[in-house]
Amino acid sequence: MSEPNYAGNIIVNLASLPDFLRKPILKKRMEEFFTMSLPERQVIINNALEAGPTIPFPNFSKLFATWLDILATISEEKRNMMFSTYISEITKNPQKLVSFNLDGILEIFLSLEKSKQDAISGTIRSIVLSLPEEDKKRLFLVMPQSAKARLGI
């Protein structure tokens, strides 16, 4: 019997909120994430990876844009912690990324201000380039070429 996906349920609910409510709630939840242990963060990320594709893309895109906007404005250390956890989980289970609308996700990323894109892509590039070769290969199998090009990897 599997555990309920509480984080996934929160993500689904956040996606349907209006902007003025979604951003402060998401920011608070993200701050909680940074205080968790690694195993707790991994559970949250896995739940998010399961819930993401179940959210209608118009709602998901608003949530994802808000998430990226917050990530671009927090410290490099916290951004690294968030993306490292995601990338680690994706390299363990690359198929989890396949069910996402990756082209749509890249479009959302490209809609950010250039400075925010640069902050996020710099963090992701640094993490990916430091991965063991086998993990890079698994990640690159599911990562669109357009995303690799934009990230400079």
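Our structure is the block above this text.
Throughout this document, residue positions are counted from 1 along each chain, in the order its sequence is written. In keeping with the model being predicted, local features are shown solely for residues with a pLDDT of at least 70 and side-chain atom pairs are shown and tallied solely at 80 or more, while totals for entire chains, interfaces and linings include all residues. Calculation of side-chain values draws on the structure's entire complement of heavy atoms; hydrogens and water are dropped beforehand.

A. Expanded view of the pattern of salt bridges. Salt bridges are defined as contacts in which a side-chain nitrogen from Lys or Arg sits within 4 Å of a carboxyl oxygen from Asp or Glu. As enumerated under the stated definition, the model contains 13 salt bridges in all. Two residues, glutamate 32 and lysine 28, come together in a salt bridge whose shortest N-O distance is 3.1 Å. With glutamate 32 and lysine 28 both in helix α2 (residues 19-34) and four residues apart, this pair spans about one turn of that helix. Throughout, exposure labels follow a simple rule: accessible area from a 1.4 Å probe, protein chains only, divided by the maximum for the residue type, with under 20% read as buried, over 50% as exposed, and the rest as partly exposed. By relative accessible area, glutamate 32 is classed as partly exposed at 27%. In this structure, the salt-bridge partner of lysine 114 is aspartate 118, at a minimum N-O distance of 2.9 Å. Within this pair, lysine 114 and its partner aspartate 118 are both found in helix α8 (residues 114-129), separated by four residues, close to a single helical turn. A residue is classified by how much of its surface remains accessible, and lysine 114, at 55% relative accessible area, is exposed. Helix numbering and strand numbering both begin at the N terminus, where a helix is a DSSP run of H or I of at least 4 residues and a strand a DSSP run of E of at least 2.

B. Inspection of helix α9 (residues 133-142) at higher detail. Taken residue by residue, α9 has Asp135, Lys136, Leu139 and Val142 as its buried positions. Taken down its axis, α9 places every buried residue within 130° of arc, on the same side. Residues of α9 that are exposed and point over 90 degrees away from its buried face: Glu133, Lys137 and Leu141. The contact criterion used is simple: two residues touch if any of their non-hydrogen atoms lie within 4.5 Å. Its buried side turned inward, α9 meets α5 (76-92), α6 (95-98), α7 (102-110) and α8. Think of the arc as the fan of directions from the helix axis to the C-beta atoms.

C. Layout of the layout of surface pockets. Approximately 1000 Å³ is the volume attributed to the largest pocket. Lining the largest pocket are 40 residues, with Leu49, Phe64, Trp67, Phe83 and Tyr86 positioned closest to its centre. Breaking the lining of the largest pocket down by element, the ones donating at least two residues are α1 (6-15), α2, α3 (38-51), α4 (57-73), α5, α7, α8 and α10 (145-151). Residues are grouped as follows: nonpolar covers Ala, Val, Leu, Ile, Met, Phe, Trp, Tyr, Cys and Pro; charged covers Asp, Glu, Lys and Arg; every other residue, Gly included, is treated as polar. Looking at side-chain class alone, the lining of the largest pocket contains 36 nonpolar, one polar and three charged residues. We place a 1 Å grid over just the protein atoms. Points where a 1.4 Å probe fits but has no way out form a cavity, open points with protein on both sides within 12 Å along at least 5 of 7 lines form a pocket, and any residue with an atom within 4 Å of a point lines it. Grid points are joined across faces, edges and corners, and a volume is the space filled by probe spheres set on the points.

D. Up close: the packing of aromatic side chains. Ring pairs shown here join Phe, Tyr and Trp side chains whose ring centres sit within 6.5 Å, with only the six-membered ring taken for Trp; geometry is labelled stacked below 30 degrees between planes, edge-to-face above 60, and tilted in between. For the coordinates displayed, the defined rule picks out seven aromatic pairs. Here phenylalanine 57 and phenylalanine 60 contribute two aromatic rings whose centre-to-centre distance is 5.8 Å and whose plane-to-plane angle is 35°, an arrangement assigned as tilted. With phenylalanine 57 and phenylalanine 60 both in helix α4, this residue pair falls three residues apart, about one helical turn. Relative to phenylalanine 100, the ring of phenylalanine 60 lies with its centre 5.8 Å away and its plane at 55°, an arrangement referred to as tilted.

E. Expanded view of the side chain of aspartate 69. When you line up the elements, aspartate 69 lands in helix α4. Polar contacts, as used here, are pairs of N or O atoms within 3.5 Å; protein pairs need one atom able to donate a hydrogen and one able to accept it. Residues neighboring in sequence count only if both atoms are side-chain atoms. In this structure the side chain of aspartate 69 is engaged in a polar contact, spanning 2.6 Å, whose partner is the side chain of lysine 23. Beyond its immediate stretch of four places on either side in the chain, aspartate 69 contacts Lys23, Leu112 and Lys116.

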